[in-house]
Amino acid sequence: MTIASIDAARRARSVSACSFDVFDTFLVRACTTPDGVFERTYELSDISKTCPNVSNSFVQHRVQAEARARRAAKDRCGSMEVHIVDVYSYFPFRLFGLDRGALDDLAETEFRAELELCRANPEMLRQYLDMKRAGHRVGFISDTYWSREQLGRLLLACSPGLTWDFLYASCDSGTSKSETLFATYLSEQQIDAATSFHVGDNEKADIKGARRHGIRPRYYPQASAALASKLQREAAVFELLCPDRLSRLDHGARTLRRMVAAQNAETSAGFSIGMTVLGPVMTAFDAFVTARRAQLIGAGARVAVGFLGRDGFLSHRIWQQAHGDTAAYLEINRRVSLVGSADTLEPLIELFGKVTKIDAATFTDIVKILPPAVAAFFARFPDGIATGRDLADALPDLMDARQIADVAAGMRERLLVYLRKAIPGFDACTDLVLADLGYSASVQKALRRIFDRLGIAVRIHGAYLLTLDDAFDDITDGDSAEGLISDLVVSPHVKRMLIRNVALLEQICCAPDGSVRDYRGGAVLREIDPRPAGQIALARDIQAGALAFAGRAGDLARDYALQPFVALDVAARWSAATLGRLLLLPDDDELVLFGGFRHDVNLGTHALAPMLDGTFVRNLVIARGLCAVCAAPAPPMWLAGSFATLSPAHSYLYTLFGANRLPPDVFEEAPCGTLRIGLFAADGGASLQPVTVYRTGLGDLRLRIPLSRAMAVTTIALPLGRIAREGILHGVAVQTGKTIADAAKNAETTGVAEHRLAGAGLDWSGRHYRAHDDDACVLVPVDPPADEIAIYSVALTSLSHDRILASRNGGADCGLWAAIARPFDAAALAT
């Protein structure tokens with residue numbers, strides 16, 4: 001016998017009794033919170049038929065009824081413990097077309113919902129039975145509105161044949177575990193507290209409550225604090241992204257995530273994100289691809305499945321883990337597929353039109369030839385670098401379609417050799433499923449054109465995680481394209497917001513290799529991978545976590561009788577919420593983790609675009625306002641994350657914008673006053689110019705000062721004391737352009753460094769200032785403009801007013817038109 005076994009035996013002899021909490025410990029629900037039970041109660045009740053689509057109202061009234069019942073019990077007898085009938089006695093029956101005679105029916109319907117959603121926790125059941133076999137007294141202590149008799153029925157329904165030595169329900173005892181329920185248990189059962197254990201999930205009731213009575217507690221949390229926070233944010237994101245759908249019932253998807261996380265050691269932050277966030281999404285996608293394949297096979301097709309590299313790398317590994325080598329990993333990207341399909345110049349024009357910058361070497365690498373006219377075109381641009389849009393517009397005059405035809409034919413032949421090598425039995429299959437992250441099926445469409453030119457009749461079916469569904473109307477008859485998260489799951493507005501930020505997901509799912517540029521003898525020729533080694537290593541770590549989830553999800557789902565992927569429409573909505581939370585509302589740990597990520601544009605260049613750029617967002621908010629920044633083009637590639645670097649509230653406002661819940665009338669700026677500013681020129685001249693003061697939707701102030709090159713201004717004097725004697729100066733941002741309109745639309749802003757700002761009659765402390773009088777000024781240096789027009793924008797928060805009003809009350813010709821001063825003074829409404 002080992003020392004460890006002797007110690008275990010000694011500990012076992014020292015235990016006289018072990019009590020278990022019931023809900024979220026011995027029993028788990030196929031929903032994460034009790035309001036999921038309330039939602040299912042609504043669905044099971046007749047109310048769902050007589051009053052359809054009012055689930056949220058029912059759930060909220062059920063929550064309010066319980067709160068009112070507990071307050072009344074507290075006032076009546078000093079304890080907040082109530083029975084289920086007490087709860088429903090405060091329910092608004094008439095609102096839902098019922099009378100009070102329905103009280104018992106509603107209570108029983110909620111119990112039916114509990115019976116349906118609850119199942120025994122296999123881990124706790126094993127421990128319970130082990131303790132019972134060892135001769136210890138075992139039972140249950142629960143804070144609940146269900147009586148002992150009802151709790152017993154529920155326990156036996158979840159674990160037939162289960163027996164217990166004691167069962168305590170707080171509503172029957174009139175006291176909770178945080179009060180004297182443990183004392184009642186110890187006294188009535190004649191149990192020595194020092195030799196008893198209690199297992200539970202609530203730190204206050206189960207752990208502190210047991211410890212206060214001398215009972216040894218064992219903490220069994222539902223989820224780590226980090227995962228609980230993610231789940232809470234996901235619920236909020238779900239309400240925004242899928243507002244017309246029932247949100248609390250997910251067939252146990254989130255319960256499964258908690259169980260998988262609890263049974264897997266967290267080896268790193270990246271692994272944890274893979275296991276708790278990315279893994280559930282990609283496992284749902286795997287179920288979607290599996291179902292699409294089965295559907296085609298059921299229709300009599302001979303189906304091959306291929307996951308498109310590089311972004312399909314992780315989903316292919318998950319498929320291999322679950323299904324073996326029944327699918328191929330196909331390294332085909334937009335570039336090689338468009339070149340291969342290019343019997344005309346149109347595919348190349350489409351490709352180059354989406355490229356930011358390009359030079360002759362890159363052009364040659366993509367097209368394989370460099371006609372003299374194209375070389376001359378690049379020579380006209382500084383450093384030989386043109387915009388992709390300029391090249392796309394000029395291409396019809398620079399190349400003949402016949403020049404690309406030979407290149408395309410060679411690419412098609414090499415690609416076909418590769419496909420036959422990568423997909424066993426390619427020539428015998430009738431249908432090819434292409435799985436990828438998505439979006440507009442550009443590779444699928446190009447491959448269709450290639451197959452048609454080669455006389456290959458294989459039908460192509462796109463199975464995508466995210467889709468731009470309005471891009472599929474030109475899909476060839478017989479082919480198809482479907483997305484797990486389609487525009488039937490989230491709105492087109494939401495979809496575009498997700499895809500605007502999807503570069504983070506692409507980098508996480510990406511293969512640790514460069515992108516394909518050509519083929520030779522069935523082998524892949526790749527670009528170099530320009531991404532930092534640390535980024536590739538982190539992606540590998542996250543993928544390992546996702547694979548760990550996918551590997552355990554099936555077994556645990558069976559153990560806990562959960563079916564998270566049986567209804568793909570429900571799985572799609574929660575996948576959208578889970579993915580949306582990561583992309584749109586990242587927490588601080590995720591911002592730190594992904595702060596160094598960079599995105600390779602994967603169009604034949606080695607350029608890396610920044611994933612995060614908080615300075616870009618801050619300067620553009622100063623210059624153009626919140627709503628304008630929400631629609632800013634890339635880079636930065638992860639716009640929501642860049643908002644989050646300013647504050648969690650900023651990323652939430654961005655999410656509201658993408659969900660079409662940010663009304664411009666509220667959040668856009670409005671004129672609220674005027675200010676005469678001083679402009680000082682290099683020749684010593686000076687002038688006073690009026691500028692409009694704007695109030696933003698967040699109550700800040702913004703001024704814009706347009707300057708032309710001809711004005712030769714070197715300094716701007718801003719008498720901020722006239723609009724806010726005390727405030728916080730957020731910064732000065734500069735936009736340039738050929739005209740005022742061009743400058744105002746320019747998203748490429750620069751900030752004036754804080755140390756270059758000077759004050760006259762001001763006390764400074766960081767960004768905080770206090771003006772001595774109305775004429776106190778901030779002096780802003782003006783650099784020689786890079787273009788004809790420069791717009792200097794200044795943003796500040798007034799600490800002299802509680803509220804700035806966009807109203808002309810008072811009609812002041814210099815200063816704010818109307819404001820509520822601090823402290824509140826109705827007479828000060830007119831400035």
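Residues numbered from 1 in each chain as written. Predicted model: local features only at pLDDT ≥ 70, side-chain atom pairs only at ≥ 80, totals over all residues. Heavy atoms only, no water.

(A) Expanded view of the packing of aromatic side chains. Across all of its chains, the model carries 33 aromatic pairs by this definition. An angle of 50° between the planes, with centres 5.7 Å apart, marks the rings of Y42 and F58 as tilted. You can see Y42 sitting in helix α2 (residues 34–44) and its partner F58 sitting in helix α4 (residues 55–77), a full 16 residues away along the chain. According to the relative accessible area criterion, Y42 is buried, its value standing at 5%. Look at F58 and you get buried, because its relative accessible area is 0%. Note on F352 and F363: the rings are 5.4 Å apart at their centroids and 25° apart in plane angle, and the pair reads as stacked. Pair noted here: F352 is in helix α17 (residues 346–352) and F363 is in helix α18 (residues 360–367), with a separation of 11 residues, a long-range link. Accessibility assignment for this pair places F352 and F363 in one class, buried. Each member of the aromatic cluster is reached from another via a ring pair, and the members are Y42, F58, Y88, F91, F93 and F96. One residue, R62, lies across the ring of Y145, its end atom 5.0 Å from the ring centre. Stacked on the ring of W574, the Lys or Arg R254 has its end atom at 3.9 Å from the ring centre. (Phe/Tyr/Trp six-rings, centres within 6.5 Å; stacked < 30°, edge-to-face > 60°. Helix = DSSP H or I, 4+ residues; strand = E, 2+ residues; numbered from the N terminus. Buried < 20%, exposed > 50% of the residue type's maximum accessible area, 1.4 Å probe, protein only. Lys NZ or Arg CZ within 6 Å of the ring centre and 35° of its normal.)

(B) Structural detail: the pattern of salt bridges. On inspection of all chains with the given rule, the structure shows 50 salt bridges. Residues R704 and E669 are paired through a salt bridge, measuring 2.7 Å at the closest nitrogen-oxygen approach. Linking R704 in strand β21 (residues 701–708) with E669 in the loop between α32 (664–667) and β19 (670–681), this pair joins segments that are 35 residues apart in sequence. What makes R704 partly exposed here is its relative accessible area of 21%. Here the salt bridges share partners, and the residues they tie into one network are R62, E66, R70 and E110. (Salt bridge = Lys/Arg side-chain N within 4 Å of Asp/Glu carboxyl O.)

(C) Local environment of the nonpolar core. One finds L278, M282, V289, L465, I485 and F594 to be the most contacted residues of the largest nonpolar core, which totals 90 residues. When near neighbours in sequence (up to four residues on either side) are disregarded, F594 contacts I273, L504, I508, L538, I542, L582, L612 and W638. Listed in part, the 66 residues of the second largest apolar core include I47, M124, L256 and F271. (Core = buried A, V, L, I, M, F, W, Y, C linked by side-chain atoms within 4.5 Å. Contact = heavy atoms within 4.5 Å.)

(D) Seen up close, the sheet that holds strand β5 (residues 166–169). Taken together, 5 strands build an open sheet; the order of strands is β5-β4-β1-β6-β7 and the sheet is parallel. Bordering the open sheet on either side are β5 and β7 (216–219), each of which pairs with just one other strand. For this sheet the average axis-to-axis angle between neighbouring strands, irrespective of direction, equals 20°. Where strand β1 (residues 17–20) meets strand β4 (residues 137–142), 4 bridges bridge the pair, whose relative direction is parallel. (Pairing = 2+ DSSP bridges. Axes fitted to C-alpha atoms, helices over the stretch in contact; angles between N-to-C directions.)

(E) Focus on the environment of I705. Within the secondary structure layout, I705 lies in strand β21. According to the relative accessible area criterion, I705 is buried, its value standing at 2%. Considered as a pair, I705 and A790 are 85 residues apart in the sequence and their alpha carbons are 8.3 Å apart.

(F) Here's a closer look at unusual backbone geometry. Omega for the bond connecting G309 with R310 falls within 30 degrees of zero, at 10°, which places this linkage in the cis form. Cis rather than trans, the peptide bond between A634 and P635 has omega equal to -10°. Structurally, the position occupied by P635 is in the loop between α29 (626–630) and α30 (639–644). If you check the backbone angles, A441 has positive phi at about 60° while not being a glycine. Of the residues examined, A441 reaches a relative accessible area of 4% and is grouped as buried.

(G) Spotlight on helix α31 (residues 648–658). Restricting attention to buried positions, one finds in α31 the residues S651, L653, Y654, T655, L656 and G658. Packed against the buried residues of α31 are α12 (225–241), α23 (492–500), α26 (568–584), α29, α30 and α32. Positive phi shows up at N660, right after α31, with a value of about 65°.

(H) Quick peek at the sheet that holds strand β12 (residues 431–439). The 5 strands are arranged β9-β8-β12-β13-β14 in an open sheet whose pairing can be described as parallel. Sheet topology places β9 (328–330) and β14 (480–485) at the edges, where each strand pairs with a single neighbour. Between one strand axis and the next, the sheet turns through 30° on average, direction left out of account. The sheet contact formed by strand β8 (residues 303–308) and β12 spans 5 bridges and is parallel. Across the sheet, residue G306 finds its bridge partner in β12, namely L434. The strands touched by helix α15 (residues 313–323) are β8 and β9; relative to β8, the strand with the most contacts, the crossing angle is about 135°.

(I) Molecular detail of the pairing of strand β22 (residues 713–718). Relative to β22, β19 is paired through 4 bridges, and the arrangement is antiparallel. Bridge pairing links G678 to A717 in β22. Across 4 bridges, the pairing between β22 and strand β28 (residues 777–781) is antiparallel. Its bridge partner being in β28, I716 is matched across the sheet by V780.

(J) Representation of the pairing of β12 within the structure. For β12, a buried count of 9 out of 9 residues is recorded, marking the element as mostly surrounded by other parts of the structure. Pairing of β12 with strand β13 (residues 459–467) involves 8 bridges; the strand directions are parallel. If you follow V433 over to β13, its bridge partner there is H461. In this view, the connection linking β12 to its parallel neighbour β13 by way of helix α22 (residues 442–454) has right-handed handedness. (Right-handed = clockwise from strand over helix to strand, strands pointing away.)

(K) Region of interest: α15. Residues of α15 that are buried include every one of F313, L314, S315, H316, I318 and W319, and no others. Here the buried face of α15 lies against α14 (269–298), β8, β9, α24 (503–509) and α25 (533–559).

(L) Spatial organisation of the packing of α12 against helix α13 (residues 253–262). With their axes 12 Å apart at the nearest point, α12 and α13 run at an angle of 165° to one another. The orientation of α12 relative to α13 falls into the category roughly antiparallel. Crossing of α12 against α13: the hand is right-handed. For the pair formed by α12 and α13, the contact residues are L227, L231 and E234 on the first element and R254, R257, R258 and A261 on the second. In the contact of α12 with α13, the residues fall into 3 nonpolar, no polar and 4 charged. (Parallel < 35°, antiparallel > 145°, perpendicular 65-115°, else oblique. Left-handed = near helix turned anticlockwise from the far one by under 90°. Nonpolar A, V, L, I, M, F, W, Y, C, P; charged D, E, K, R; others polar.)

(M) Representation of a positive patch on the surface. A surface patch of like charges, here positive, comprises K204, K208, R211 and R212. Along the chain, K204 turns up in helix α11 (residues 203–212). (Patch = residues over 30% accessible without salt bridge, like charges linked within 9 Å, V, L, I, M, F, W, Y side chains within 5 Å. Areas by Shrake-Rupley, 256 points an atom, 1.4 Å probe, with all protein chains shown as cover. Lys, Arg positive; Asp, Glu negative; His and termini not counted. Charge placed at Lys NZ, Arg CZ, Asp CG, Glu CD.)

(N) Representation of the environment of H213 within the structure. Tracing the backbone through its elements, the reader meets H213 in the loop between α11 and β7. Judged by its relative accessible area of 21%, H213 falls in the partly exposed class. For H213, the residues in contact, after removing those within four places along its chain, are E179, F182, A183, L186 and A193. Among the polar contacts listed, one links the side chain of H213 to the backbone oxygen of G209, at a separation of 3.0 Å. (Polar contact = N/O pair within 3.5 Å; in protein donor to acceptor, adjacent residues only side chain to side chain.)

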